[in-house]
Amino acid sequence: TPMGEIVDTAVLDKENLTLRRRAVKQGPVNIEIEVKDNKATGRMNMGGQERPINVDLGGPLFADGAGGPHAIASLPLKEGYSATFRNFDVMRQKAKLMQLQVAGSESVTVPAGTFDAYKVEISSADGGPDKMTIWVAKEARKPVKVSGVLPQMGGAILTSELVP
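Now for a look at the structure at hand. (Residues numbered from 1 in each chain as written. Predicted model: local features only at pLDDT ≥ 70, side-chain atom pairs only at ≥ 80, totals over all residues. Heavy atoms only, no water.)

**Let's talk about the sheet that holds strand β3 (residues 29-36)**
In step 1: With respect to topology, five strands assemble into an open sheet ordered β1-β2-β3-β4-β5, the strand pairing being antiparallel. Each of the sheet's edge strands pairs with one partner strand only, and the pair in question is β1 (6-12) and β5 (49-56). Strand-to-strand twist across the sheet, computed as the mean angle between neighbouring axes with direction ignored, equals 10°.
In step 2: Strand direction decides the pairing type here: strand β4 (residues 39-46) and β5, joined by eight bridges, are antiparallel. When the sheet's bridge partners are listed, R43 is paired in β5 with P52. (Pairing = 2+ DSSP bridges. Helix = DSSP H or I, 4+ residues; strand = E, 2+ residues; numbered from the N terminus. Axes fitted to C-alpha atoms, helices over the stretch in contact; angles between N-to-C directions.)

Below you can see the structure in the form of structure tokens.
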């Protein structure tokens, strides 16, 4: 990204894929979060200024952070499927609801090939700027392309594609 390489690590509960721990490192930013009993605790260090994290989330976090698109791909996706789930906005220190909708099926071509995929659109349930589209290969049930708006980077669009 323009701010340099980012390493985002998430530990998920193997039973339900909810977030248990997350660590993010990008340049001078270092974030460590533990999620337990519907609370997020940890710390955020930005350029030497440390800020504690201690937030009641109101429920479990799903598809938050690294591996989020893979958790989404594990859902019982089909045309018309929708769901609401909770993520955590670290900068605003609050939980946020996300709305997922399978917008349909389409053929998507990425460097790894062409796939028959579900087009999954995710947006902020409260009308915020968060938006992401995930193309999930129907046969493999894996994300092959992800494109999302990064509000914290002035609305930049980040796209990732499966490569061979």
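**Some words on the side chain of S147**
In step 1: Looking at the element boundaries, S147 is found in strand β10 (residues 142-150).
In step 2: For S147, the contacting residues outside a window of four places in its chain are K131, M132, T133, W135, I157, L158 and T159. (Contact = heavy atoms within 4.5 Å.)

**Comments concerning the sheet that holds β10**
In step 1: Read from one edge to the other, the open sheet built from six strands follows the order β6-β7-β8-β9-β10-β11, with strand pairing classed as antiparallel. Both edges of this open sheet fall to β6 (82-89) and β11 (156-161), since each of them pairs with a single strand only. Averaged over neighbouring strand pairs, the angle between their axes works out to 25° when direction is ignored.
In step 2: With 12 bridges connecting them, strand β7 (residues 94-110) and strand β8 (residues 113-124) associate as antiparallel partners. Across the sheet, Q101 pairs through a bridge with E121, a residue of β8.

**Thoughts on the side chain of D89**
In step 1: Mapped onto the fold, D89 is located in strand β6.
In step 2: Of note is the side chain of D89, whose polar atom sits 3.0 Å from the backbone nitrogen of R92.
In step 3: Setting aside residues no more than four positions away along its own chain, D89 makes contact with K94 and K96. (Polar contact = N/O pair within 3.5 Å; in protein donor to acceptor, adjacent residues only side chain to side chain.)

**Notes on the nonpolar core**
In step 1: Membership of the largest hydrophobic core comes to 19 residues, with the highest contact counts inside it found for I72, L77, F85, L100, V120 and I122.
In step 2: Counting only elements with at least two residues in this core, the list comes to α1 (68-73), β6, β7, β8 and β9 (131-137).
In step 3: Residues contacting F85, with those up to four places away along its chain left out, are F62, A63, I72, K96, L97, M98, L100 and I122.
In step 4: Grouped together as the second largest cluster of nonpolar side chains are 14 residues, L19, I31, I33 and L61 included. (Core = buried A, V, L, I, M, F, W, Y, C linked by side-chain atoms within 4.5 Å. Buried < 20%, exposed > 50% of the residue type's maximum accessible area, 1.4 Å probe, protein only.)

**Here's the deal with unusual backbone geometry**
In step 1: With a phi close to 60°, N38 is a non-glycine residue in the positive phi region.
In step 2: In this fold, N38 is placed in the loop between β3 and β4.

**Overview of the environment of K39**
In step 1: With respect to the helices and strands, K39 occurs in strand β4.
In step 2: For K39, a relative accessible area of 38% puts it in the partly exposed group.
In step 3: Remark: the alpha-carbon pair of K39 and V7, spanning 32 residues in sequence, is separated by 23 Å.

**A word on the packing of aromatic side chains**
In step 1: In total, this model carries one aromatic pair according to the counting rule given.
In step 2: Look at F62 and F85: their rings are 5.9 Å apart centre to centre, the planes differ by 80°, and that puts the pair in the edge-to-face class. Here F62, found in the loop between β5 and α1, pairs with F85, found in strand β6; they are 23 residues apart in sequence, far enough to count as distant. Across the pair, exposure class does not vary: F62 and F85 are buried alike.
In step 3: A cation over an aromatic ring shows up here: K138 above the ring of Y118, its NZ or CZ 4.9 Å from the ring centre. (Phe/Tyr/Trp six-rings, centres within 6.5 Å; stacked < 30°, edge-to-face > 60°. Lys NZ or Arg CZ within 6 Å of the ring centre and 35° of its normal.)

That's the geometry; what it means functionally is another story.
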